[in-house]
Amino acid sequence: MNQNETPLFTGLLEHAKKNPIQFHIPGHKKGVGIDPEFRDFIGKNALSIDLINIGPLDDLHHPHGIIEEAQQLAAEAFGADHTFFSVQGTSGAIMTMVMSVCKPGDKIIVPRNVHKSIMSAIIFSGATPIFIHPAIDKNLGISHGITTDAVRKALEAHPDAKGLLVINPTYFGIAANLKEIVDIAHSYDIPVLVDEAHGVHIHFHDGLPMSAMQAGADMAATSVHKLGGSMTQSSILNIKEGLVSAKHVQAIISMLTTTSTSYLLLASLDCARRQLATKGKELAERVMGLADLARKRINEIPNLYCVGEEILGTKATYDYDPTKLIISVKDLGLTGYEVEVWLREHYTIEVELSDLYNILCIVTPGDTEEEINILVEALRELSYSRTEITSSTKALEVHVPNIPLLALSPRDAFYSEVEVVSIEESVGRIIAEFVMVYPPGIPILIPGEIISQENVDYIKENLEVGLPVQGPEDPELKTIRVIKEYRAIK
């Protein structure tokens, strides 16, 4: 196939050139009926291809024309047997993966540091999660991937599991030995599902971690919009036939996808695939050089540490993506969130995420050396301003709470009869809702887990420093929903 072609985008342009009279949705009719200020900002070109699944433009739910061709080109580019476009983001693709292999009561092996979409899919499917403890980095205060040893133990204990889900790479760019993990799972005939939300680019450069399809995984949900150049909310789901059926996956993703699919998002996927397939290695090379420059210069700044290849060497840190800049700020005596706010207010810099101890900055083909220079200058100013304030700034002590005990399946807990109690009174109770820090969307508590004092203290610590704790119905987290307890009547 010719990876320079864009059948979907080209088809949309050809249709728009005909300037058809539209008696179909969307109601703005090529932008004529839209708010003028918005039309002037977005532009007539974009609005002219904001279309719907009419005959000439194919149908994402039953592709047989330009969408099918675009998906076939993507499959070839990513080394997959089949590729499905997602306009529901990677969350929709992840839910599709889980629901394609699990039905109520089935077991699925997952790391505890999974994205909330995975836990949502487990609730929807009625599956029971078997958690693997991810390796915790006590220096950085973050979770890494799962080890091959932990995978072996989980599969020996649960050979009847219907799937193994792996995050590769993690939000912070750390990768485990995915190939070995896939081989272990396949020896049990268990499919491997990969959350590849932060790894669309790794397939196209040998200096980056191995991609899911290269490792032989069965399914991979991949965010093209995060690092691959497509529009926000557009992702792909790659499939290898064998332990999973592409036809079954198509049926599931169709159930979870809007019938009013955005052709702007679909076209951006088509063009992003072209760029990755034809220029991916060249672009990655330049980005890795920019990131290495930033890393070297940041590590020259007092009390800051930007993670490099020295993190490798453990079973949980088999490889890493150098385009992710994990910057530890704890030695400044500041939280990551405080640094995020300082950068915003003083330099109009927005970081990817912050937590109690770090900020994360991503470098992509959209960056130049100019942006790197501004980031380094800002961090240097912050560091020296802290040095002037006090020469004995106390570094923050890193701690991460233990994984709570799962007392009930997430689905049963979510649909149980509940009561609302104060967060102080919730210790020892079974939670019936999610509590997570977003981003990255990793749960502190999921429905069915027993709340400990350590969990409550950690939630309060995140709230006190301003980190975005989300999930509960009470946005202030003064109260929490727990499973109702019935006491004996006296």
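Residues numbered from 1 in each chain as written. Predicted model: local features only at pLDDT ≥ 70, side-chain atom pairs only at ≥ 80, totals over all residues. Heavy atoms only, no water.

Enquirer: How do you make sense of the sheet that holds strand 15 (residues 358-362) when you look at a structure like this?
Expert: Strand pairing in a sheet is mediated by backbone hydrogen bonds. Such pairs are either parallel or antiparallel. One open sheet holds the four strands; their spatial order is 11-13-15-14, and the pairing between them is antiparallel. Edge positions in the open sheet fall to strand 11 (305-306) and strand 14 (353-354), since each of these has one partner strand only. Taken together, the two bridges between strand 11 and strand 13 (residues 324-328) define a ladder with antiparallel strand orientation. Pairing of Tyr 305 across the sheet is with Ser 328, part of strand 13. Relative to the sheet, helix 13 (residues 336-347) contacts strand 14 and strand 15, its axis offset from that of strand 15 by approximately 50°. (Pairing = 2+ DSSP bridges. Helix = DSSP H or I, 4+ residues; strand = E, 2+ residues; numbered from the N terminus. Contact = heavy atoms within 4.5 Å. Axes fitted to C-alpha atoms, helices over the stretch in contact; angles between N-to-C directions.)

Enquirer: What's the story with helix 8 (residues 178-186) in this structure? I'm lost.
Expert: Because an α-helix completes one turn every 3.6 residues, residues spaced three or four positions apart along the sequence face the same direction. Three or more residues of helix 8 are buried, namely Leu 178, Ile 181, Val 182, Ile 184 and Ala 185. Down the axis of helix 8, the buried set is contained in an arc of 160°. They therefore lie on one face. The inward-facing, buried residues of helix 8 contact helix 7 (148-157), strand 6 (164-167), strand 8 (192-196) and helix 9 (212-215). (Buried < 20%, exposed > 50% of the residue type's maximum accessible area, 1.4 Å probe, protein only. Arc of directions from axis to C-beta.)

Enquirer: Help me understand the layout of surface pockets, please; the structure alone is not making it clear to me.
Expert: Rolled over the atoms, a probe with the dimensions of a water molecule shows which regions are left empty. Of the voids in this model, the largest pocket is the one considered here, and its volume is about 1000 Å³. Forming the boundary of the largest pocket are 50 residues, of which Asn 113, Val 114, Pro 440, Ile 442 and Pro 443 lie nearest the centre. The greatest single-element share of the lining of the largest pocket, amounting to four residues, is contributed by helix 5 (residues 89-101). For the lining of the largest pocket, a count of residues per class yields 26 nonpolar, 18 polar and six charged. (1 Å grid on protein atoms, 1.4 Å probe; cavity = no way out; pocket = protein on both sides within 12 Å on 5 of 7 lines; lining within 4 Å. Points joined across faces, edges and corners; volume = space filled by probe spheres on them. Nonpolar A, V, L, I, M, F, W, Y, C, P; charged D, E, K, R; others polar.)

Enquirer: I would appreciate a short explanation of the domain arrangement of the protein chain in the present structure.
Expert: Quite often, the size of an interface is put as the accessible area lost when its parts meet. Taken domain by domain, the protein chain holds domain 1 (7-277), domain 2 (281-389) and domain 3 (410-483). Once you take the C-alpha centre of each, domain 2 and domain 3 turn out to be 31 Å apart. Listed per partner, the contact involves eight residues of domain 2 and eight residues of domain 3. Between domain 2 and domain 3, the buried area comes to about 620 Å², and carbon and sulfur atoms account for 75% of it. Looking only at domain 2, the three residues that lose the most surface to domain 3 are Tyr 337, Leu 353 and Leu 356, adding up to 70% of its buried area. Applying the counting criterion to the domain 2 and domain 3 interface returns zero salt bridges. Counting across the domain 2 and domain 3 interface gives zero residue pairs in polar contact (both at pLDDT 80 or more). Its residues placed into classes, the side of domain 2 that touches domain 3 shows four nonpolar, two polar and two charged. (Domains from an automatic or database assignment. Buried area = accessible area lost by both parts, 1.4 Å probe. Salt bridge = Lys/Arg side-chain N within 4 Å of Asp/Glu carboxyl O. Polar contact = N/O pair within 3.5 Å; in protein donor to acceptor, adjacent residues only side chain to side chain.)

Enquirer: Explain the packing of aromatic side chains to me, please; I cannot follow it from the model alone.
Expert: The way to describe two aromatic rings as a pair is by their centre distance and the angle between their planes. Scanning the entire structure with this criterion turns up four aromatic pairs. Here Phe 78 and Phe 204 contribute two aromatic rings whose centre-to-centre distance is 5.2 Å and whose plane-to-plane angle is 80°, an arrangement assigned as edge-to-face. Within this pair, whereas Phe 78 is found in helix 4 (residues 66-78), its partner Phe 204 is found in the loop between strand 8 and helix 9, the two being separated by 126 residues in sequence. Across the pair, exposure class does not vary: Phe 78 and Phe 204 are buried alike. Taking 6.0 Å as the distance between ring centres and 35° as the angle between the ring planes, the aromatic pair formed by Trp 342 and Tyr 347 counts as tilted. The class for Trp 342 is buried, based on a relative accessible area of 15%. (Phe/Tyr/Trp six-rings, centres within 6.5 Å; stacked < 30°, edge-to-face > 60°.)

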